[in-house]
Amino acid sequence: VLQSSTGGGSYFLVREGAEMRIGGPQGAEVAVDLPPGAVIRRLEPSTRGWLAAGRMPSGDGTELLLLESRDGVTDLAEVPPRGPGKYRGQPVLLMERGQLAGLIWAEGNGHRELEIWAAPREGEGWGASELIAARGPGSQMAPTAVVLDDGSWLVVWAAFDGTDDEIRWSRRVNGEWSVPARVHPDNDVPDLVPTLVAIDDGAMVAWSWFDGNDYRLRTARLIDGGWSDFETIGEKGSVEAGLVRSEDGIRLLYQTVMPATWTVLELDSRGMARRTAVLRVDTYERPLLLSDESGAARLVWPALENRLQPAREHPLVWQQGQP
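Okay, so let's go over this structure. (Residues numbered from 1 in each chain as written. Predicted model: local features only at pLDDT ≥ 70, side-chain atom pairs only at ≥ 80, totals over all residues. Heavy atoms only, no water.)

### Observations regarding the pairing of strand β2 (residues 12–16)
Looking down a regular strand, the side chains alternate between one sheet face and the other. Rules: Strand pairing is assigned whenever DSSP detects at least two bridges linking the two strands. In DSSP terms, a helix is any run of H or I states spanning at least four residues, a strand is any run of E spanning at least two, and both are numbered starting from the N terminus.
Direction of pairing for strand β1 (residues 2–3) relative to β2: antiparallel, over a ladder of two bridges. In the sheet register, Leu-2 faces β2, and the bridge partner there is Leu-13. Where β2 and strand β3 (residues 19–23) come together, five bridges link them in antiparallel fashion. When the bridges of β3 are listed, Leu-13 appears paired with Ile-22.

Shown next, in the form of structure tokens:
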């Protein structure tokens, strides 16, 4: 499954074999036809429908894929002009007030040669592609990005520094990208798979971090141009973190291995913890985090659906504070 990171996660994608369906706040799920071998990685609501981004085979490499639904009509959309890299993928949709503002992606001739690129949306087309992070000593992957309150763009990704993976960031202000830097102090353990959300006057990032024995989650907030408020949360094996923003707050969904749980941490618009819900569900299948009209939240596992019964779902029981 795949869920939008804005609009309270109101849009989601479910894939079963070759069939792919996109659902939204209206309730009905719509089947989506893609080119052979195509994969969707991002989905976000827009003022007239939704946008989805992914990759598809192209010659002996891969190319970016952009799918747009406007007023109920779905079609492939133009992507930024191709550069010299054989592989383009891992796209991130930059949304601003329900409109596509830009696209972030990884590009290169091999897994260890990927660079991080961006292009601004200009009308129905694209501006010149902008290099955020040139080829480094190893892989650069899992980019995530948001448009901040001041209109600047923030990109965070995982990059190998010659010893281990670190979480890096760059910010685009007035069309210029800052020099990529670490989010966190240097360490000798892997930091992986960041997830990012805009907060009041800044941003919040969460990622999986190896503490020497197990993976746990770390969070940090970008305030006044610098990262601070580093926290470690989650039990052993905390992974699969995803941040979702709605009008009244933020929710962080993640999985732990010991014990086998899925946890939802609700935060206010500044990224401060309000309450927590923990479900002991022994499955690695990622659920959808959905809310009904009253605001009540539940986790739904379409992948565990029995054909003769409704999808397996659990309402959330909240406790105050952070786990």
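### A word on the sheet that holds strand β4 (residues 29–31)
With antiparallel pairing, the four strands of this open sheet are ordered in space as β1-β2-β3-β4. If you trace the sheet from one side to the other, it starts and ends with β1 and β4, each paired once.

### Observations concerning the environment of Ile-223
Applicable threshold: By definition in these notes, contact holds between two residues if any of their heavy atoms fall within 4.5 Å.
Note that Ile-223 resides in strand β21 (residues 215–223). When the C-alpha positions of Ile-223 and Gly-27 are compared, they lie 37 Å apart, and in sequence the two are 196 residues distant. Discounting chain neighbours no more than four positions away, the residues touching Ile-223 are Ile-199, Asp-200 and Asp-201.

### Some remarks on the packing of aromatic side chains
Going by this rule: Two aromatic rings from Phe, Tyr or Trp, using only the six-membered ring of Trp, form a pair when their centres are within 6.5 Å; if the ring planes differ by under 30 degrees the pair is stacked, by over 60 it is edge-to-face, and anything between is tilted. For each residue, the accessible area found with a 1.4 Å probe, counting protein chains only, is set against the maximum for its type, and the residue is called buried under 20%, exposed over 50%, and partly exposed in between.
By the definition in use, this model includes three aromatic pairs. Each ring, one from Trp-169 and one from Trp-227, has its centre 5.8 Å from the other, and the planes form 85°; the classification is edge-to-face. You can see Trp-169 sitting in strand β16 (residues 165–173) and its partner Trp-227 sitting in strand β22 (residues 226–233), a full 58 residues away along the chain. Overall, Trp-169 belongs to the buried group, its relative accessible area being 14%.

### A look at the environment of Thr-62
Within the secondary structure layout, Thr-62 lies in strand β7 (residues 61–70). Given the relative accessible area of 17%, Thr-62 is considered buried. Along the primary structure Thr-62 and Lys-86 are separated by 24 residues, whereas in three dimensions their C-alpha atoms are 6.7 Å apart. Residues in contact with Thr-62, not counting those within four places in the same chain, are Arg-55, Met-56, Pro-57, Arg-82, Lys-86, Tyr-87 and Arg-88.

### As for the sheet that holds strand β28 (residues 297–301)
To keep it simple, the criterion reads: Axes, fitted as lines to C-alpha atoms, cover a helix only where it is in contact. Angles between the N-to-C directions of the axes lie from 0 to 180 degrees.
Within the open sheet, the three strands sit side by side as β27-β28-β29. Their pairing is antiparallel. Strands with a single pairing partner mark the edges of an open sheet, and in this sheet they are β27 (288–291) and β29 (312–315). Strand-to-strand twist across the sheet, computed as the mean angle between neighbouring axes with direction ignored, equals 30°. Where β27 meets β28, four bridges bridge the pair, whose relative direction is antiparallel. Each residue of the ladder has a partner; that of Leu-288, found in β28, is Val-300.

### A few points about the side chain of Asp-165
To keep it simple, the criterion reads: Within this scheme the basic residues Lys and Arg register as positive and the acidic residues Asp and Glu register as negative, but His and the chain ends are omitted. Salt bridges are identified by distance alone: a Lys or Arg side-chain nitrogen within 4 Å of an Asp or Glu carboxyl oxygen. Whenever two N or O atoms come within 3.5 Å, that pair is a polar contact, provided that in protein one can donate a hydrogen and the other can accept it, and provided that, for residues adjacent in sequence, both atoms are side-chain atoms.
By the secondary structure assignment, Asp-165 is in strand β16. Within the buried set, Asp-165 has no salt-bridge partner at all; the shortest N-O distance to an opposite charge, 7.9 Å, is to Arg-112. Of note is the side chain of Asp-165, whose polar atom sits 3.4 Å from the backbone nitrogen of Phe-160. Contacts of Asp-165, omitting those with residues within four sequence positions, involve Ser-139, Ala-159, Phe-160, Val-189, Pro-190, Asp-191 and Leu-192.

### Here's the deal with the nonpolar core
Taken as a class, soluble globular proteins show a tendency for nonpolar side chains to be buried jointly. Quick note on the threshold: Among the buried residues, those of types Ala, Val, Leu, Ile, Met, Phe, Trp, Tyr and Cys that are joined through side-chain atoms within 4.5 Å form a nonpolar core.
Leu-154, Val-156, Val-183, Leu-196, Val-205 and Trp-227 are the most contacted members of the largest nonpolar core, which has 18 residues in total. Ranked by residue count, the leading element in this core is strand β20 (residues 202–210), at four residues. Setting aside anything within four residues of it in sequence, one finds Leu-154 in contact with Thr-144, Ala-145, Val-146, Leu-148, Trp-169, Ser-170, Arg-171, Leu-196, Ala-203, Leu-222 and Trp-227. If you look at the next biggest cluster of nonpolar residues, it comprises 17 residues, including Ala-101, Ile-104, Ala-106 and Trp-157.

### Quick word on the pattern of salt bridges
The full count for this structure, using the stated rule, is 23 salt bridges. The salt bridge involving Arg-172 is made with Glu-130; its shortest N-O contact spans 2.8 Å. Residue Arg-172 is found in strand β16, and its partner Glu-130 is found in strand β13 (residues 130–133); the two are separated by 42 residues along the sequence. A salt bridge links Asp-229 to Arg-221; its shortest N-O distance comes to 2.6 Å. When salt bridges that share partners are traced, they join Glu-63, Arg-82, Arg-88 and Glu-107 into one network.

Purely geometric stuff here, so don't read any function into it on its own.
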